[in-house]
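Below, each chain spelled out in residue letters.
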Amino acid sequence: MLLDRVLQIRANALWLEWANRLADQADRPRAELIRDVIFLMVLDDELGQSICNRLSDEQISYNK
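Conventions and cut-offs
- Residues numbered from 1 in each chain as written.
- Predicted model: local features only at pLDDT ≥ 70, side-chain atom pairs only at ≥ 80, totals over all residues.
- Heavy atoms only, no water.
- Salt bridge = Lys/Arg side-chain N within 4 Å of Asp/Glu carboxyl O.
- Helix = DSSP H or I, 4+ residues; strand = E, 2+ residues; numbered from the N terminus.
- Buried < 20%, exposed > 50% of the residue type's maximum accessible area, 1.4 Å probe, protein only.
- 1 Å grid on protein atoms, 1.4 Å probe; cavity = no way out; pocket = protein on both sides within 12 Å on 5 of 7 lines; lining within 4 Å.
- Points joined across faces, edges and corners; volume = space filled by probe spheres on them.

Colleague: Whenever I open this one, the pattern of salt bridges confuses me. Can you help?
Modeller: Pairing between side chains becomes possible if they bear opposite charge and their charged atoms approach one another. If you walk through the whole model with that rule in mind, you get four salt bridges. Between Glu 58 and Arg 54 there is a salt bridge; the shortest N-O distance is 3.1 Å. Through salt bridges that share partners, Arg 28, Arg 35 and Asp 36 make up one connected network.

Structural data, given as structure tokens:
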């Protein structure tokens, strides 16, 4: 599979700090961490569904 698309995510300094910290913990560049976490959520149906359910059940939104 050729990864030929770029996805841009808007983030503030706090989000960048969180993403950098998690990437450091995973020993990956930030972009690879985000890509791989999304891939894992899709690949692992139980994990993906659990995260979606929690977002919905607890009405979690960073914008709220």
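Colleague: Is there a simple way to explain the environment of Gln 25 in this structure?
Modeller: Residue placement: Gln 25 occurs in helix α1 (residues 13–26). Looking at Gln 25, the relative accessible area reads 57%, which means it is exposed. In this structure the C-alpha to C-alpha distance between Gln 25 and Gln 59, which are 34 residues apart in sequence, comes to 28 Å.

Colleague: What am I meant to see in the layout of surface pockets here?
Modeller: Over the atoms, a rolling probe the size of a water molecule traces out where space has been left empty. What the largest pocket holds in volume is close to 1500 Å³. The wall of the largest pocket is formed by 34 residues, among which Ile 9, Trp 15, Ile 34, Val 37 and Ile 38 lie closest to the centre. Sorting the residues of the lining of the largest pocket by element identifies α1, α2 (30–43) and α3 (45–57) as the ones contributing at least two each.

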